[in-house]
Amino acid sequence: MRIVTWNINSLRLRLKLLERLGEELRPDIVCLQETKVPDELFPDEAVRALGYVHIQHRGMKSYNGVAILSRVPLTPLDGTPDWCARSDCRHIAASFALGGASVELHNFYVPAGGDVPDPEANPKFAHKLAFVDEATSWFTGRPSRRTILVGDLNIAPLEQDVWSHRQLLDVVSHTPPETTRLQAWLACGFVDAMRHFVPPDEKLYTWWSYRNRDWKASNRGRRLDHVWVTPDLAASLQNMTVLRDARDWPTTSDHVPVAMDFSA
């Protein structure tokens, strides 16, 4: 079973890249963030033509949006919160069968938080912190079993998740108020599956800014995209792929896909 998470930064604009993703990684399930398409305009037919016949999506015009595209049957997970009472399409969840038993899959797009790391001066940053706090509280109150959480969490929590820990300590995505909160969310019942394969003392990035003229040469990246699993699924982790080459695809996203392989 291969699950891919990718902030595609507009599904309709990059539909051909979704096709290329399928050719490169052959995923069973694709979790997309920042689809930027309202539900009534979601390209269901085109997505099904790529082999993802089971589709769940939650979207709005121009902003946010999440989707789960699957070759295997999905069951929608009802009763998830309206985070921060905003109805802004940042979370979608479903269950599917893995190894003869059901697994919950949560796909998140956490708010970016703006540019100023001060919740008093910047409402976007305050929203981000509140969102993570709410998510931590909700998952703390749930059974910690057979769950996978993926998505663009918009926080690089570890020193080696950014190109310069010292220079980014005051930059949104790596500030202590964010990183401590993300670590608390992780600790409420999850294992960092990406760091299962790449030790915490090694650099690991999934995002490179459009502002970098030569992103590969400068390599000023951050790990904003994540895959977490509950401890009972850790033994089923088989392999991870960060598709760095996707950063050079034409008109691509500034995020690259991350694939996680599970034993069936």
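Below or above, wherever it landed, is the structure these notes cover.

Rules of the game
- Residues numbered from 1 in each chain as written.
- Predicted model: local features only at pLDDT ≥ 70, side-chain atom pairs only at ≥ 80, totals over all residues.
- Heavy atoms only, no water.
- Pairing = 2+ DSSP bridges.
- Helix = DSSP H or I, 4+ residues; strand = E, 2+ residues; numbered from the N terminus.
- Contact = heavy atoms within 4.5 Å.
- Axes fitted to C-alpha atoms, helices over the stretch in contact; angles between N-to-C directions.
- Core = buried A, V, L, I, M, F, W, Y, C linked by side-chain atoms within 4.5 Å.
- Buried < 20%, exposed > 50% of the residue type's maximum accessible area, 1.4 Å probe, protein only.
- Right-handed = clockwise from strand over helix to strand, strands pointing away.
- Arc of directions from axis to C-beta.

Moving on, we get to the sheet that holds strand β6 (residues 91-98). Two strands in a sheet stick together by hydrogen bonds in their backbones, pointing the same way (parallel) or opposite ways (antiparallel). Read across the open sheet, the six strands follow the order β5-β6-β7-β8-β12-β9; overall the sheet is mixed. The open sheet has two edge strands with one neighbour each: β5 (75-76) and β9 (191-192). Set on the sheet, helix α5 (residues 176-187) makes contact with β7 (101-109), β8 (147-152), β9 and β12 (225-229); between it and β12 the angle comes to about 30°.

What follows concerns the nonpolar core. Core analysis: the largest hydrophobic core is formed by 28 residues, its most contacted members being F96 and I148. Per-element tally for this core: the top contributor is β6, with four residues. When sequence neighbours within four positions are dropped, the list of residues in contact with F96 reads M1, I3, I29, V72, P73, L74, A101, S102, V103, L105 and I148. Counting 25 residues, the second largest nonpolar core, distinct from the first, contains W6, Y205, L243 and A259.

This brings us to the environment of R181. Looking at where R181 falls in the secondary structure, it is placed in helix α5. Measuring from C-alpha to C-alpha, the distance between R181 and T5 comes to 22 Å, with 176 residues separating the pair along the chain. The residues touching R181, leaving out its near neighbours within four places in the chain, are L129, V132, D133 and T136.

A few words on the sheet that holds strand β14 (residues 258-262). Across the sheet, which stays open at both edges, the six strands sit in the order β3-β4-β2-β1-β14-β13 with mixed pairing between neighbours. In the strand order of this sheet, the two ends are held by β3 (54-58) and β13 (237-242), each with one partner. Within the sheet, the average angular offset between the axes of one strand and its neighbour, ignoring direction, is 10°. Along the sheet face, helix α1 (residues 15-25) touches β1 (2-7), β2 (29-33), β4 (66-70), β13 and β14 and points at about 145° away from the line of β1.

Position of L25 relative to the elements: it lies in helix α1. The exposure class of L25 is buried, given its relative accessible area of 5%. Through-space distance from the C-alpha of L25 to that of V258 is 9.6 Å; in sequence the pair is 233 residues apart. With residues up to four places along the chain from it excluded, the contact list for L25 reads R2, V4, T241, L243, P257 and A259.

On to the pairing of β8. Of all six residues that make up β8, six are buried, and the element is covered over most of its length. Here β7 runs beside β8; their pairing, made up of six bridges, is parallel. Across the sheet, E104 pairs through a bridge with T147, a residue of β8. Crossover connection from β7 via helix α3 (residues 123-140) to parallel β8: handedness right-handed. Relative to β12, β8 runs antiparallel, the two sharing five bridges. If you follow V150 over to β12, its bridge partner there is V227.

As a further point, take α1. Residues lying three or four places apart along an α-helix face the same way, a consequence of the helix completing one turn every 3.6 residues. Looking only at α1, the buried set comprises L17, L18, L21, G22 and L25. Down the axis of α1, the buried side of the element spans an arc of 155°, and every buried residue falls inside it. Along α1, the residues that are exposed and aim more than 90 degrees away from the buried face are K16 and E23. Along its buried surface, α1 packs onto β1, β2, α2 (44-49), β4, β13 and β14. A positive phi of about 50° marks R26, the residue just after α1.

That's the geometry; what it means functionally is another story.
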